[in-house]
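Each chain, letter by letter, is given below.
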Amino acid sequence: VTLRKGGVLQDICGGDSITVHSLHSFLIADLAPGLVAEAVAEDGSIEAVSVEGASDFAVGTLFHPDYWASSAHASARILTAFGDAVRRHAKAQGAA
């Protein structure tokens, strides 16, 4: 998929495109207000979105970064960024 220039996923993954494992039977037809397309497949289907102006990690994917996390650098980076955000949130809430 092609990543949005200057977008959240491009920042996380460090490139202009990534290979994804996509197993879905539905697509995003129209973005809701406040969502931004972060990754788009060759056929034009939106594979990932982010929340515009979010103060921390707010990314949704239709593809499965968890499937290739052990072998695909981009997938591992997405999951690491998510985990880092969870830990920041927990710390801010006073959790261990």
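Residues numbered from 1 in each chain as written. Predicted model: local features only at pLDDT ≥ 70, side-chain atom pairs only at ≥ 80, totals over all residues. Heavy atoms only, no water.

Undergrad: I'd like a description of the sheet that holds strand β3 (residues 46-51), backed by residues and values.
TA: Strand order across the open sheet formed by four strands is β1-β2-β3-β4, with antiparallel pairing between neighbours. Across the chains shown, the open sheet's two edge strands, defined by having one partner strand only, are β1 (2-3) and β4 (59-61). Pairing analysis gives five bridges linking strand β2 (residues 35-40) to β3, with the strands arranged antiparallel. Counterpart to Leu-35 in the pairing with β3 is Val-51. (Pairing = 2+ DSSP bridges. Helix = DSSP H or I, 4+ residues; strand = E, 2+ residues; numbered from the N terminus.)

Undergrad: Which residues make up the pattern of salt bridges, and what values go with them?
TA: Within the structure shown, the criterion is met by three salt bridges. A salt bridge links Arg-88 to Asp-56; the nearest nitrogen and oxygen atoms lie 2.5 Å apart. Taken together, the residues Arg-88 in helix α2 (residues 73-92) and Asp-56 in the loop between β3 and β4 connect sequence positions 32 residues apart. Residue class for Arg-88 comes out partly exposed when judged on its relative accessible area of 43%. Across the pair Asp-84 and Arg-87 runs a salt bridge whose closest N-O atoms are separated by 2.7 Å. One end of the pair, Asp-84, and the other, Arg-87, are both in helix α2, three residues apart, so they sit about a helical turn from each other. Exposure remark for Arg-87: the relative accessible area of 53% places this residue in the exposed category. (Salt bridge = Lys/Arg side-chain N within 4 Å of Asp/Glu carboxyl O. Buried < 20%, exposed > 50% of the residue type's maximum accessible area, 1.4 Å probe, protein only.)

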